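Secondary and tertiary structure notes
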Amino acid sequence: QVQLVESGGGSVQAGGSLRLSCAASGYTYSSKCMGWFRQAPGKEREGVAAIFRGGGRTYYSDSVKGRFTISQDNAKNTVFLQMNNLNPEDTGMYYCAAERRGATSLCTVVAGGFRPEQGLNYWGQGTQVTVSS
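Residues numbered from 1 in each chain as written. Predicted model: local features only at pLDDT ≥ 70, side-chain atom pairs only at ≥ 80, totals over all residues. Heavy atoms only, no water.

1. Describing the nonpolar core
Counting 25 residues, the largest nonpolar core has Met34, Trp36, Leu81, Met83 and Tyr94 as the members making the most contacts within it. Breaking this core down by element, the ones donating at least two residues are β3 (18-25), β4 (33-39), β5 (46-52), β7 (68-73), β8 (78-83), β9 (92-98) and β11 (127-132). Membership of the second largest hydrophobic core comes to 10 residues, among which are Ala50, Tyr95, Ala97 and Trp123. (Core = buried A, V, L, I, M, F, W, Y, C linked by side-chain atoms within 4.5 Å. Buried < 20%, exposed > 50% of the residue type's maximum accessible area, 1.4 Å probe, protein only. Helix = DSSP H or I, 4+ residues; strand = E, 2+ residues; numbered from the N terminus.)

Below you can see the structure in the form of structure tokens.
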């Protein structure tokens, strides 16, 4: 079984930073991508960042480029998202996702700004990020 557990969310002032962590268990695919997605009230879930497990190549949505950094520690099977210079538009529930066999690459999803295939990937429970003015 695959389990993804996010942590690190919280409430910060605009311009502040947060570091999210996603601990994965039971997920051993090395030729897949993992990523971060977020969803604000009344909006669709959107891709934020993704990373290729077998090499570390990264992908970002245009809205977070230059501010967010995704990284991984394969030894700990953990993915991180460093978020800097946060603004209120970054507020939302942040979900960790792991690519499942048969689904569109999460790296492709993030890079292309496509709708995530929620039913075809593994997802964590989410961690709330709130940015105030």
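2. With respect to the state of the cysteines
Tallied over the full model, the rule gives 2 disulfides. Across a sulfur-sulfur distance of 2.0 Å, Cys22 and Cys96 are joined as a disulfide pair. Taking the sign of the S-S torsion, -80 degrees for the link of Cys22 and Cys96, the bridge is left-handed. Pair noted here: Cys22 is in strand β3 and Cys96 is in strand β9, with a separation of 74 residues, a long-range link. (Disulfide = S-S within 2.5 Å.)

3. Some points on the pattern of salt bridges
Two side chains carrying opposite charge are able to pair once their charged atoms lie near each other. In total, this model carries 5 salt bridges according to the counting rule given. Here Glu46 and Arg38 are joined by a salt bridge, their closest N and O atoms 2.8 Å apart. Under the relative-accessibility criterion, Glu46 is labelled partly exposed at 36%. With relative accessibility at 6%, the residue Arg38 sits in the buried group. Put simply, Lys65 and Asp62 hold a salt bridge, and the shortest N to O gap is 3.2 Å. With a relative accessible area of 67%, Asp62 lands in the exposed category. A network of salt bridges, in which partner residues are shared, links Arg38, Glu46, Arg67 and Asp90. (Salt bridge = Lys/Arg side-chain N within 4 Å of Asp/Glu carboxyl O.)

4. As for the packing of aromatic side chains
Evaluation of the coordinates by the stated rule reveals 3 aromatic pairs. Their ring planes at 75 degrees and their centres at 5.3 Å tell us that Tyr27 and Tyr29 sit as a pair that is edge-to-face. What makes Tyr27 buried here is its relative accessible area of 1%. A relative accessible area of 37% places Tyr29 in the partly exposed class. Grouping aromatic residues by their ring pairs yields a cluster made of Tyr27, Tyr29 and Tyr122. Its guanidinium or amino end placed over the ring of Phe80, Arg19 lies 4.5 Å from that ring's centre, counting from NZ or CZ. (Phe/Tyr/Trp six-rings, centres within 6.5 Å; stacked < 30°, edge-to-face > 60°. Lys NZ or Arg CZ within 6 Å of the ring centre and 35° of its normal.)

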